[in-house]
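An overview of the molecular structure
This is what each chain is made of:
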Amino acid sequence: MNLYLRFFNDETFVHTVDEALDFLRTIPEITVDRRMEDELRDYVNSEVSYPKRYKVHARVYFIVIKTNAASMAEFKANRKSDGAGDGEKLNYNKFYLHLKDERPGWYEGTLKYKQVLQNTMTGKFEYHDAAITVRCKANSASQCYERIVSFLKDKVDARSQFPSARGKNFVWTYLGKSK
């Protein structure tokens, strides 16, 4: 089992916990103490397969990932092609490269968001999943998103939450040029 460690732009691929600790000691922001050493050894020896985040300061972490890859190049290549989930993510990101492309016409956009509604039994407000599909004239998919959010802000509670246009909760289709 090998390890990939990353702290902002500093990253390494190591074969042992001691090599990982040596790498961490080279980063001035990170103080390697006995507790951190024990946690890292416990993580590596455990059956846990998901990545581990270690807190350095408030809102600052470094990440450790266990891998069977033999090198950094193999690790990075596997991350781009592992399983259906990562493949979908890559295609999905490629799809959103065209979000701001100027292409006037009709768009159909579907937005999934969190809507605030009052619970009639308790009188308290709760978040509920909601979705809206709209067909509108726009110059780009990004403008379609903006029009949907603008419309919803006038119709739903101000505490409702809208995802980013680049997120998986906004899907659009170009329907064709307007006449």
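Residues numbered from 1 in each chain as written. Predicted model: local features only at pLDDT ≥ 70, side-chain atom pairs only at ≥ 80, totals over all residues. Heavy atoms only, no water.

The subject of this paragraph is the sheet that holds strand 1 (residues 2–7). Through backbone hydrogen bonds, the strands of a sheet pair up, either in parallel or in antiparallel fashion. Pairing is antiparallel in the open sheet, where 4 strands are placed in the order 2-1-4-3. Since the sheet does not close on itself, it has two edges, and those belong to strand 2 (10–14) and strand 3 (52–57), each with one partner. Each adjacent strand pair in this sheet contributes to an overall mean axis angle of 15°, direction not counted. Running at roughly 30° to strand 4 (residues 60–67), helix 2 (residues 34–45) makes contact with strand 1, strand 3 and strand 4 of the sheet. (Pairing = 2+ DSSP bridges. Helix = DSSP H or I, 4+ residues; strand = E, 2+ residues; numbered from the N terminus. Axes fitted to C-alpha atoms, helices over the stretch in contact; angles between N-to-C directions. Contact = heavy atoms within 4.5 Å.)

Turning our eyes to something else, we now look at helix 5 (residues 141–155). Every α-helical turn comprises 3.6 residues, leaving residues that sit three or four positions apart pointing alike. Compared with an ideal rise of 1.5 Å per residue, which puts 15 residues at 21 Å, helix 5 spans 21 Å between its outermost C-alpha atoms and is within 8% of the ideal. Looking at helix 5, one finds that the buried residues are Ala 141, Ser 142, Cys 144, Tyr 145, Ile 148, Val 149 and Leu 152. Projected onto a plane normal to the axis of helix 5, the buried residues spread over an arc of 155° and lie on a single side. Turned more than 90 degrees away from the buried face of helix 5, the exposed residues are Lys 153 and Asp 154. Where the residues of helix 5 are buried, they touch strand 5 (105–118), strand 6 (125–138) and strand 7 (170–176). (Expected span 1.5 Å × (residues − 1). Buried < 20%, exposed > 50% of the residue type's maximum accessible area, 1.4 Å probe, protein only. Arc of directions from axis to C-beta.)

All right, on to the packing of aromatic side chains then. Taken as a whole, this structure holds 8 aromatic pairs when the rule is applied. Taking the centre distance of 4.8 Å and the plane angle of 80° together, the rings of Phe 7 and Phe 8 count as edge-to-face. What makes Phe 8 exposed here is its relative accessible area of 57%. Ring geometry for Tyr 145 versus Phe 170: centroids 5.2 Å apart, planes at 65°, classification edge-to-face. Placement of the pair is Tyr 145 in helix 5 and Phe 170 in strand 7, with a sequence separation of 25 residues. Of the two residues examined, Tyr 145 and Phe 170, each falls in the buried class. These aromatic residues form a ring-pair network of at least three members: Tyr 4, Phe 13 and Phe 75. In this structure, Lys 66 is placed above the aromatic ring of Tyr 43, and the distance from its NZ or CZ to the ring centre is 4.9 Å. (Phe/Tyr/Trp six-rings, centres within 6.5 Å; stacked < 30°, edge-to-face > 60°. Lys NZ or Arg CZ within 6 Å of the ring centre and 35° of its normal.)

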